[in-house]
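Residue-level listing of the chains:
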Amino acid sequence: MFLITKLGVLIRGKMATILVTGGAGFIGSVAVKTLLSNGYSVVVVDNLSKGKKDLVDSKAKFYELDLVDDLSKVFEENKIDAVIHFAAYKAVEESMENAVKYSSNITGTINLLNRMVEHNVKKIIFSSSAAVYGEEKGVISEDNETNPCNYYGFTKLECEKIIEWYGKVYGIGYVSLRYFNVAGDGGLKYMDPDAKNIFPIIMEVLVGKREKVVVFGNDYDTRDGTCIRDYIDVTDLVKAHILALDVDYNGVINLGTSKGVSVKELVDWTSEVIGKQVPFEYGDRRAGDPPTLIASNEKALKVLNWKPERSVKDMIKSTYDAYKQRV
Ligand SMILES: NC(=O)c1ccc[n+]([C@@H]2O[C@H](COP(=O)([O-])OP(=O)(O)OC[C@H]3O[C@@H](n4cnc5c(N)ncnc54)[C@H](O)[C@@H]3O)[C@@H](O)[C@H]2O)c1
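Draft legend 1. The overall build of the chain, seen in detail. In terms of helices and strands, the chain carries 11 helices and 15 strands. Over its C-alpha trace the chain gives a radius of gyration of 19 Å, about what one expects of a compact globule, namely 20 Å for 327 residues. Dimensions of the chain along its principal axes, counting C-alpha atoms only, are 55 × 40 × 40 Å. Residues classed as buried in the chain amount to 57% of the 327 residues present. Across the chain, contacts joining residues at least 24 apart in sequence account for 77% of those joining residues at least 6 apart. Summed over all atoms, the accessible surface of the chain reaches about 14,200 Å², with 49% contributed by carbon and sulfur. Taken together, the 42 basic and 45 acidic charged side chains of the chain have centroids lying 5 Å from each other.

Draft legend 2. Highlighting the sheet that holds strand 12 (residues 251-255). Strand order in the open sheet made by the 7 strands is 3-2-1-4-5-7-12, with parallel pairing throughout. Looking at which strands have only one partner, the edges of the open sheet turn out to be strand 3 (61-64) and strand 12. Taking the axes of each pair of neighbouring strands and ignoring which way they run, one obtains an average angle of 20 degrees across the sheet. Pairing analysis gives 7 bridges linking strand 5 (residues 123-129) to strand 7 (residues 173-179), with the strands arranged parallel. Looking at the pairing, S129 lines up with Y179 of strand 7. With respect to the sheet, helix 6 (residues 151-170) is in contact with strand 5, strand 7 and strand 12, its orientation differing from that of strand 5 by roughly 160 degrees. Lying over the sheet, helix 8 (residues 234-244) contacts strand 4 (82-85), strand 5, strand 7 and strand 12, oriented at roughly 165 degrees with respect to strand 7.

Draft legend 3. Here's a closer look at the packing of aromatic side chains. If you walk through the whole model with that rule in mind, you get 7 aromatic pairs. Judged by centre distance (5.6 Å) and plane angle (20 degrees), the ring pair of Y151 and F154 falls under stacked. A residue pair is termed a helical-turn pair when its members lie 3 or 4 positions apart in one helix, as Y151 and F154 do in helix 6 at 3 residues. Ring centres 5.4 Å apart and planes at 45 degrees place the aromatic pair Y166 and Y170 in the tilted group. Of the two residues, Y166 and Y170 are both situated in helix 6; the distance of 4 residues between them amounts to about one turn of the helix. Lying over the aromatic face of Y89, K101 brings its terminal NZ or CZ to 4.6 Å of the ring centre. For K313, the ring lying beneath its charged end belongs to W269, and the centroid distance is 5.2 Å.

Draft legend 4. Just unusual backbone geometry, in detail. With a phi close to 70 degrees, S258 is a non-glycine residue in the positive phi region. Looking at the secondary structure, you find S258 in the loop between strand 12 and strand 13 (261-262). The class for S258 is partly exposed, based on a relative accessible area of 35%. Its identity as a non-glycine residue notwithstanding, N305 has a phi of 55 degrees, on the positive side. Looking at the secondary structure, you find N305 in the loop between helix 10 (298-304) and helix 11 (312-326).

Draft legend 5. Layout of the pattern of salt bridges. In this structure the tally under the stated criterion is 21 salt bridges. The closest approach of N and O atoms between K239 and E309, which form a salt bridge, is 3.4 Å. Of the two residues, K239 is situated in helix 8 and E309 in the loop between helix 10 and helix 11; the sequence distance between them amounts to 70 residues. On the basis of relative accessible area, K239 is assigned to the buried category, the value being 18%. Here the salt bridges share partners, and the residues they tie into one network are E211, K212 and E281.

Draft legend 6. Local environment of the site of the ligand. Near the ligand you find 28 residues, and of these D46, F86, K90, Y152 and K156 are the closest. In this structure, Y152 approaches the ligand through a side-chain N or O atom, which is 2.6 Å from an oxygen atom. Its free accessible area being 830 Å², the ligand has 96% of it covered by the protein chains. Looking at the shell around the ligand, the elements with two or more residues in it are helix 2 (26-37), strand 5 and helix 6. With 3 residues, the single largest contributor to the shell around the ligand is strand 5. Looking at the shell around the ligand residue by residue, the classes come out as 15 nonpolar, 8 polar and 5 charged.

Draft legend 7. Spatial organisation of the nonpolar core. Residues I18, L35, L255 and L304 are the most contacted members of the largest nonpolar core, which totals 41 residues. Those elements that place two or more of their residues in this core are strand 1 (17-21), helix 2, strand 2 (41-46), strand 4, strand 7, helix 8, strand 12 and helix 10. Counting residues in hydrophobic clusters, the runner-up holds 25 residues, among them L19, L65, I163 and I172.

Calculation rules
Residues numbered from 1 in each chain as written. Predicted model: local features only at pLDDT ≥ 70, side-chain atom pairs only at ≥ 80, totals over all residues. Heavy atoms only, no water. Helix = DSSP H or I, 4+ residues; strand = E, 2+ residues; numbered from the N terminus. Rg over C-alpha atoms; globule rule 2.2 N^0.38 Å. Buried < 20%, exposed > 50% of the residue type's maximum accessible area, 1.4 Å probe, protein only. Contact = heavy atoms within 4.5 Å. Areas by Shrake-Rupley, 256 points an atom, 1.4 Å probe, with all protein chains shown as cover. Lys, Arg positive; Asp, Glu negative; His and termini not counted. Charge placed at Lys NZ, Arg CZ, Asp CG, Glu CD. Pairing = 2+ DSSP bridges. Axes fitted to C-alpha atoms, helices over the stretch in contact; angles between N-to-C directions. Phe/Tyr/Trp six-rings, centres within 6.5 Å; stacked < 30°, edge-to-face > 60°. Lys NZ or Arg CZ within 6 Å of the ring centre and 35° of its normal. Salt bridge = Lys/Arg side-chain N within 4 Å of Asp/Glu carboxyl O. Near = heavy atom within 4 Å. Polar contact = N/O pair within 3.5 Å; in protein donor to acceptor, adjacent residues only side chain to side chain. Nonpolar A, V, L, I, M, F, W, Y, C, P; charged D, E, K, R; others polar. Core = buried A, V, L, I, M, F, W, Y, C linked by side-chain atoms within 4.5 Å.

Given below as structure tokens:
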């Protein structure tokens, strides 16, 4: 994928330098690789709490730092033109047990914004989440009510609001991208070290790391009784960030496919694509799981001129290839 962006071409006659926070994680490491292959210079900050240093392309400059640490040297040693801010703790259940840890999603973002103000950095792309919508259901547009039902979602919504205020007060351009379920492999053979989502859980069953998939609830009001979700490929998702660097628009944008796949369909399609039966059983419903959660991506299409290209079956194949090679 090669995208020449206005930002890249115009900044001081050379390609812009992008600070990627969380660049050693699942999505951030793909973003680092993609930015580099599009000619950008890249600086990464990651505390390696979950990320892995070996996922970070060696052409990027790496700082092992927590976002709440003193970030001065990152901004003093590099002329940062824009920030893509992925770094955050993201486990929903853990956020309901350890709010102290998750508060650093907010304080770290404020610290980052303060350094941006100090060094006159005028653009931020923020990783937000469908979790800001809480128990909204069906096809969700950016106009739906935000009402997070876990602390993780609250931290994302707070960051969105703080970023919006820094935009008003300091003229920082911002796009907060609300991701739905991110899956697939962006070419780095990523294996989730702490699988909590259905995609990596299915993969762990396939490679023999767990016995079976437990599908939470089969009595929802959906076509087969299991929950319906919207899965977006990591490569498509990252492309939207690079386009967002360049748009003259401030606000929130959903990133999804506008299509829903049920958990049972995901299990069946995996068996079909991989040619190996995925053992599963039905368990109880989980509290707070809405039956259907699909992103309306109309705004992303319009504002970013972005369209997801990869199907769920492509994501199954690429993720399985990654897991097969890593185990
Ligand atoms: N994966 C998804 O389906 C999904 C969906 C919605 C939103 N998001 C958001 O996208 C972003 C990236 O998600 P991911 O799936 O790549 O997660 P990830 O855990 O793989 O990556 C996050 C990275 O941030 C680092 N990090 C966390 N807290 C930090 C801190 N305080 N200081 C410095 N580094 C820190 C971690 O070490 C990790 O490398 C997160 O903000 C997450 O909330 C992800």
